[in-house]
Amino acid sequence: MNRIMAIVFLAILLAGCRQDRVTDQMKENRVIKDVKAVVVSAHPQASHAGVMILKKGGNAVDAAVATGFALAVCYPAAGNIGGGGFMLIRTSTGDHDLIDFREKAPQAASKDMYLDAGRNVVTGLSTDTHLAAGVPGSVDGMIRIHAKYGRLDFREIIQPSVDLAANGFILTREQASSLNRLAEMFRQKNPDGCAFVKEGQWEQGDTLCQPELSAALERIRDYGREGFYAGLTARLIVDEMKRGNGIITADDLENYSSVFRKPLSSTYRGYDIVTCPPPSAGGIILLQLLGMLEPFSPGEMKFHSPEMIHLIAEAQRRAFADRAKYAGDDDFIEMPVREMLNGNYLKERMASFDPLAATPSSAIEAGDPVNFESQETTHYSVVDEEGNAVAVTTTLNGSYGSGIVVKGAGFLLNNEMDDFSVKPGFPNMYGLTGSLANAIEPEKRMLSSMTPVIVEKEGKLFLVAGSPGGSTIPTSVFQVIINLIDYNMDPRVAVDTGRFHHQWLPDRISIERNSVTAESAGRLQKMGHVLHEVSGLGRVNAVFALQNGLLEGVADKRGDNSASGY
Ligand code: DON
């Protein structure tokens, strides 16, 4: 008997050692170089969860699904099962695919639902209430993408998140301070309490347990899609809606479906750029910016010189003016996507560019492409040993979404309805205005800026990237691409260097603190630009394919992002 006990003990010990060895071989950091497989996400424990799935023989899609569920636990500000997003895939054989799991407006939603009798927008209704939530898409998206591409059993992929929610995750300093800052909001919106509120202050290193979320994840593990869109979880969502005058019904949940779409693609200086189609405008803006820039030579201008910032800000201004007029869910509206990306149209858009002076936004209207034929989201990037690449951007919209936790199910409801144009010309929480193209209709998807991107050179993987940041997503992704292609920057510098952003309205350039000299700022102001200093723009989590055939994962220095690989 004693011998048997000894053998069992030894076996457990060895298993433990093996686990440690696997962990030891893994590199986890903000930047990791010369690895064969890598996950870069907003939280070290989520990157780790993804890499453990790769180590078990899972492919990049398996790892992305595992990372997505882990982020729903350990990055509740934006990781989610109550929100939505987009996943872009490039298989090792060079095929592309995209799943759109963006939230949809509930069937009872209507164009003027956030207006009062005088047709004024009611403050906070589309951001802070049960009415702010779109029908969640993440769970359906993760399950469908796994069914199409996954290699490991779904239960094995989701189990680490079930455990992480039950046993707790370690709060980073940024998380502890944001939960402390938002404690009163969580208390008010969740009078019966929720996992994010505790007596006293959260500290970095505290363990945050979410037993109700763990049980909700278990139901997804055991019943798949039905474990969220039907049964107990669906009932808890509908009860939550009744409690707060929300409108999502059991039918809305049952009817939700994510959609496979053809990614958008174009070229820039010999590179192939593959990105997100509508209902995100992010991909269109990215490709418009690259198209407008191609006839110019930014690489010959000093990096962040007034000339360079002016040129790019003017292109950004024009792209965002088009977004405001034309962009929406093209399952519902006619959107001239092909025309908006036409090279001649983009040249014409820049014809009014004055190299010496800002063009006021009041003088810029949306173009006429039809005449030309031809503050929280999260992004993670994954590449596996075989070369399959995945770029996922997902969100609840605002930080912690609506702040409302579904009672009994432990997850946050999104406030994505604010991404619709609640009234023509009225700015959303990112200052973006829209038109009828993005008006609310039952079951329509709200316009997004999410921009997962995969760049290739001569048929080979070059870059996998994306970012949070609302309206600043496509401009952040765009700058990383030109930093690499036009300025030949090292990957880490390309991600970390300062950024700037113009979105037509408000008519100003937002510039990260300390990223331009006082002299450059002065010259931009003389050209007629209004400068607006901000602390951070975007958080790009990226993977770069190196010349030696290995990978470099770069997690943006802005935030607690982490690259993990082997
Ligand atoms: O889909 C969108 O464009 C927004 N809901 C994204 C929000 C966001 O990126 C917040 N991040 N900081």
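Cut-offs and rules
Residues numbered from 1 in each chain as written. Predicted model: local features only at pLDDT ≥ 70, side-chain atom pairs only at ≥ 80, totals over all residues. Heavy atoms only, no water. Buried < 20%, exposed > 50% of the residue type's maximum accessible area, 1.4 Å probe, protein only. Helix = DSSP H or I, 4+ residues; strand = E, 2+ residues; numbered from the N terminus. Pairing = 2+ DSSP bridges. 1 Å grid on protein atoms, 1.4 Å probe; cavity = no way out; pocket = protein on both sides within 12 Å on 5 of 7 lines; lining within 4 Å. Points joined across faces, edges and corners; volume = space filled by probe spheres on them. Nonpolar A, V, L, I, M, F, W, Y, C, P; charged D, E, K, R; others polar. Salt bridge = Lys/Arg side-chain N within 4 Å of Asp/Glu carboxyl O. Axes fitted to C-alpha atoms, helices over the stretch in contact; angles between N-to-C directions. Parallel < 35°, antiparallel > 145°, perpendicular 65-115°, else oblique. Left-handed = near helix turned anticlockwise from the far one by under 90°. Contact = heavy atoms within 4.5 Å. Expected span 1.5 Å × (residues − 1). Phe/Tyr/Trp six-rings, centres within 6.5 Å; stacked < 30°, edge-to-face > 60°. Lys NZ or Arg CZ within 6 Å of the ring centre and 35° of its normal. Near = heavy atom within 4 Å. Sits in = over half its atoms within 2 Å of the grid points. Polar contact = N/O pair within 3.5 Å; in protein donor to acceptor, adjacent residues only side chain to side chain.

What you see with strand 3 (residues 38–41) is no split at all: Val38 and Val40 on one side and Val39 and Ser41 on the other are buried throughout. Note that strand 3 and strand 11 (residues 377–383) share three bridges and pair antiparallel. Paired with Val38 across the bridge in strand 11 is Val383. Pairing analysis gives four bridges linking strand 3 to strand 20 (residues 562–565), with the strands arranged antiparallel. Residue pairing across strands places Val40 opposite Ala563, the latter belonging to strand 20.

This part takes up the layout of surface pockets. Considered as a void within the structure, the largest pocket measures approximately 750 Å³ in volume. Around the largest pocket sit 27 residues that line it, and Leu461, Phe462, Ala545, Leu546 and Gln547 are the ones nearest its centre. The greatest single-element share of the lining of the largest pocket, amounting to three residues, is contributed by strand 14 (residues 460–465). For the lining of the largest pocket, the class distribution of residues is 13 nonpolar, five polar and nine charged.

Turning next to the pattern of salt bridges. Considering all chains together, one arrives at 37 salt bridges under this definition. The partner of Arg317 in a salt bridge is Glu314, with the nearest N and O atoms 2.8 Å apart. With Arg317 and Glu314 both in helix 14 (residues 306–326), this residue pair falls three residues apart, about one helical turn. Across the pair, Glu314 and Arg317 agree in class, each one buried.

What follows deals with the packing of helix 3 (residues 60–74) against helix 6 (residues 154–167). At their nearest, the axes of helix 3 and helix 6 sit 9 Å apart, and the two run at 20 degrees to each other. As far as their axial angle goes, helix 6 and helix 3 are roughly parallel. Viewed along their axes, helix 3 and helix 6 form a crossing whose handedness is right-handed. Judged by residue contacts, Asp62, Val65, Ala66, Phe69, Ala70, Val73 and Cys74 of helix 3 engage Phe154, Ile157, Ile158, Ser161, Leu164 and Ala165 from helix 6. Class assignment of the residues belonging to the contact of helix 3 with helix 6 gives a composition of 11 nonpolar, one polar and one charged.

Here we come to the sheet that holds strand 17 (residues 531–534). The three strands are arranged 15-16-17 in an open sheet whose pairing can be described as mixed. Of all strands in the sheet, those bounded by a partner on one side alone are strand 15 (500–501) and strand 17. Strand direction decides the pairing type here: strand 16 (residues 509–512) and strand 17, joined by four bridges, are parallel. Paired with Ser510 across the bridge in strand 17 is His532.

Pairing within the open sheet is antiparallel, and its seven strands lie in the order 2-19-18-14-13-10-9. Taken across any chain shown, the strands that pair with only one partner, and hence form the sheet edges, are strand 2 (31–35) and strand 9 (264–268). Within this sheet the neighbouring strands show an average axis-to-axis angle of 20 degrees, counted without direction. Contacts from helix 13 (residues 282–293) reach strand 9, strand 10 (271–275) and strand 13 (453–457) within the one sheet, and its direction differs from that of strand 9 by about 20 degrees. Along the sheet face, helix 17 (residues 473–485) touches strand 9, strand 10, strand 13, strand 14 and strand 18 (541–545) and points at about 140 degrees away from the line of strand 14.

What follows concerns helix 17. Taking 1.5 Å of rise per residue, the 13 residues of helix 17 would be expected to cover 18 Å, and the 19 Å separating its terminal C-alpha atoms lies within 8% of that figure. Within helix 17, 13 of the 13 residues are buried, which leaves the element mostly enclosed by the surrounding structure.

What the rule picks out here adds up to 10 aromatic pairs. Taking the centre distance of 5.7 Å and the plane angle of 85 degrees together, the rings of Phe296 and Phe353 count as edge-to-face. Taken together, the residues span a long stretch of sequence, with Phe296 in the loop between helix 13 and helix 14 and Phe353 in the loop between helix 16 (343–349) and strand 11 at a distance of 57 residues. Here a set of aromatic residues connected by ring pairs shows up, and it is made of Phe228, Tyr229, Tyr256 and Phe411. Seen from the ring of Tyr566, Lys55 lies directly overhead, with NZ or CZ sitting 4.0 Å from the centre.

Mapped onto the secondary structure, Glu103 falls in the loop between strand 5 (96–100) and helix 4 (125–128). Linking Glu103 and Tyr256, residues 153 residues apart in sequence, is a C-alpha distance of 8.4 Å.

With that settled, the discussion passes to the site of the ligand. As a matter of local geometry, the ligand sits amid 16 residues, with Thr377, Asn397, Glu416, Asp419 and Gly470 nearest to it. At a threshold of 2 Å from the grid points, most atoms of the ligand map onto the largest cavity. Along the lines of polarity and charge, the residues of the shell around the ligand split into four nonpolar, eight polar and four charged.

The next subject is the packing of helix 3 against helix 5 (residues 138–149). Where helix 3 contacts helix 5, the two axes come as close as 9 Å, and the packing angle between them is 160 degrees. It follows from the interaxial angle that helix 3 and helix 5 lie roughly antiparallel. Judged by the twist between their axes, the crossing of helix 3 over helix 5 is left-handed. In contact with Val61, Asp62, Val65 and Phe69 of helix 3, helix 5 contributes Met142, Ile145, His146 and Tyr149. Each residue belonging to the contact of helix 3 with helix 5 can be placed in one class, and the counts come to six nonpolar, one polar and one charged.

Next up on the list: the environment of Arg102. Within the fold, Arg102 resides in the loop between strand 5 and helix 4. Assessed through its relative accessible area of 0%, Arg102 is described here as buried. Each C-alpha atom, one on Arg102 and one on Arg151, is 24 Å from the other, the two residues being 49 residues apart in sequence. Only 2.9 Å separates the side chain of Arg102 from the backbone oxygen of Met446, close enough to count as a polar contact.

Purely geometric numbers; function is a separate question.
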